Amino acid sequence: MPAESASLLVSDPGGVYVDGTLGYGGHSQEILKILGPGGKLIGIDCDPAAITSSRALITDPRFTPVPGFYQETGRLVSDLGIERINGLLLDLGVSSPQLDVPERGFSFRFNAPLDMRMSPDSGLTAADIVNNWSRDRIFAVLRNFGEEPKAGRIADRIVRQR
């Protein structure tokens, strides 16, 4: 799907594009195949491991990896001296490498701390939430952000189990 996404995204091979959820560079590599010599690609990710990996994997001078959150795209791009972009790609979710590393705490396959932070510097872990937040606050997150129809039952069970 990265190739299809890139072909739909890039309308001007000389334009500036942003991969707002860089991950490990799969979409970025496909975008770079389409960009012309004057094109630019900015890759944004809050995961330091993704930035490090993409720098090693993608050595194309048209590519600039930037640490940060996709919500900060406007400021991050502006900080690079770019006034306008031609397109933005957001592939939301976790990546396989995040699921495969037990210490990241995203997978049920491992007996590991419940972390689940996209950026290890962001502070609050999933363990902090399930062990300290009120039932109503957990319910609100599950209902409002997860659109979970059984949010009340899940929040009740979390509070009862701790």
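Worth saying up front: this structure is predicted, and the values here are computed from it rather than measured. (Residues numbered from 1 in each chain as written. Predicted model: local features only at pLDDT ≥ 70, side-chain atom pairs only at ≥ 80, totals over all residues. Heavy atoms only, no water.)

## Here we look at the packing of aromatic side chains
Remark: the centre distance and the inter-plane angle together describe each pair of aromatic rings, the angle taken between the planes. Formally: Aromatic contacts are taken between Phe, Tyr and Trp rings whose centres are within 6.5 Å, Trp giving its six-membered ring; a plane angle under 30 degrees counts as stacked, one over 60 as edge-to-face, and the others as tilted. Charge over a ring is defined by NZ of Lys or CZ of Arg lying within 6 Å of the ring centre and within 35 degrees of the ring normal.
Applying the stated criterion to the full structure yields zero aromatic pairs. Positioned above the aromatic ring of W133 is the side chain of R137, whose terminal nitrogen or guanidinium carbon lies 3.8 Å from the ring centre.

## A closer look at the nonpolar core
Rules: Here, nonpolar core means buried Ala, Val, Leu, Ile, Met, Phe, Trp, Tyr and Cys residues that are tied together by side-chain atoms lying within 4.5 Å of each other. Relative accessibility thresholds used throughout: buried, under 20% of the residue-type maximum; exposed, over 50%; partly exposed, between the two (1.4 Å probe, protein chains only). Elements are defined by DSSP. Helices are runs of H or I of four residues or more, strands are runs of E of two residues or more, and each kind is numbered from the N terminus. Should any heavy atoms of two residues lie within 4.5 Å, those residues are counted as being in contact.
Counting 13 residues, the largest nonpolar core has Y17, I31, L32, L35, L41 and F63 as its most contacted members. Of all elements in the fold, only α1 (2-9) and α2 (26-34) reach the threshold of two or more residues within this core. If near-sequence neighbours (up to four positions away) are discounted, F63 is found in contact with L22, S28, L32, L41, G43, S54 and I58. I42, I44, L76 and I82 belong to the second largest nonpolar core, which has eight residues in total.

## With respect to the environment of V66
Tracing the backbone shows V66 in strand β3 (residues 63-67). Between the alpha carbons of V66 and L22 there is a distance of 9.1 Å; along the sequence they are 44 residues apart. Among all residues touching V66, those that are not within four sequence positions of it are I42, G43, I44, D45, I51, L76 and L80.

## Looking at the confidence of the model for the chain
Note the following rule: Note on scores: pLDDT gives the predictor's confidence for each residue, bounded by 0 and 100.
Put simply, the chain has an average pLDDT of 92, and 100% of its residues get 70 or more. Mean pLDDT per element in the chain: helix α5 (residues 96-100) is the minimum at 77, and strand β1 (residues 16-19) is the maximum at 98.

## Topic: the sheet that holds strand β2 (residues 40-45)
Rule in force here: Following DSSP output, two strands are said to pair if at least two bridges run between them. Angular values range over 0 to 180 degrees, each being the angle between N-to-C directions of two axes fitted as lines to C-alpha atoms, with helices fitted over their stretch in contact.
Across the sheet, which stays open at both edges, the four strands sit in the order β3-β2-β1-β4 with parallel pairing between neighbours. Where the open sheet ends on each side, the last strands, each with one partner, are β3 and β4 (87-89). The mean angle between the axes of side-by-side strands here comes to 20 degrees, regardless of whether they run parallel or antiparallel. Bridge count between β1 and β2: four bridges; the pairing is parallel. Looking across to β2, one finds that D19 is bridged to G43. On the sheet, helix α3 (residues 48-57) packs against β2 and β3 and is oriented at approximately 165 degrees with respect to β3.

## Observations regarding unusual backbone geometry
Note: most residues except glycine have negative phi, and most peptide bonds are trans. The residue M116 is not glycine, and still its phi comes out positive at about 65 degrees. Counting through the fold element by element, M116 comes out in the loop between α5 and α6 (126-132). The backbone of E147 shows a phi angle near 50 degrees, a positive value even though the residue is not glycine. Considering the arrangement of structural elements, one finds E147 in the loop between α7 (135-144) and α8 (151-161). You can call E147 exposed: its relative accessible area is 67%.

## Structural notes on the packing of α7 against α8
As a reminder of what qualifies: Orientation labels follow simple angle bins: below 35 degrees gives roughly parallel, above 145 gives roughly antiparallel, 65 to 115 gives roughly perpendicular, and whatever is left gives oblique. Crossings are sorted by hand: turned counterclockwise from the far helix by less than a right angle, the near helix makes the crossing left-handed, and turned clockwise it makes it right-handed. Polar here means any residue outside two lists: the nonpolar Ala, Val, Leu, Ile, Met, Phe, Trp, Tyr, Cys and Pro, and the charged Asp, Glu, Lys and Arg; Gly therefore counts as polar.
Running from N to C, α7 and α8 cross one another at 140 degrees; their axes reach a closest spacing of 8 Å. When the axes of α7 and α8 are compared, the pair comes out oblique. For the element pair α7 and α8, the recorded crossing hand is right-handed. Counting all contacts with α7, which are made through R135, I138, F139, L142 and R143, the residues of α8 involved are A151, G152, I154, A155, D156, I158 and V159. Residue composition of the contact of α7 with α8, grouped by class: eight nonpolar, one polar and three charged.

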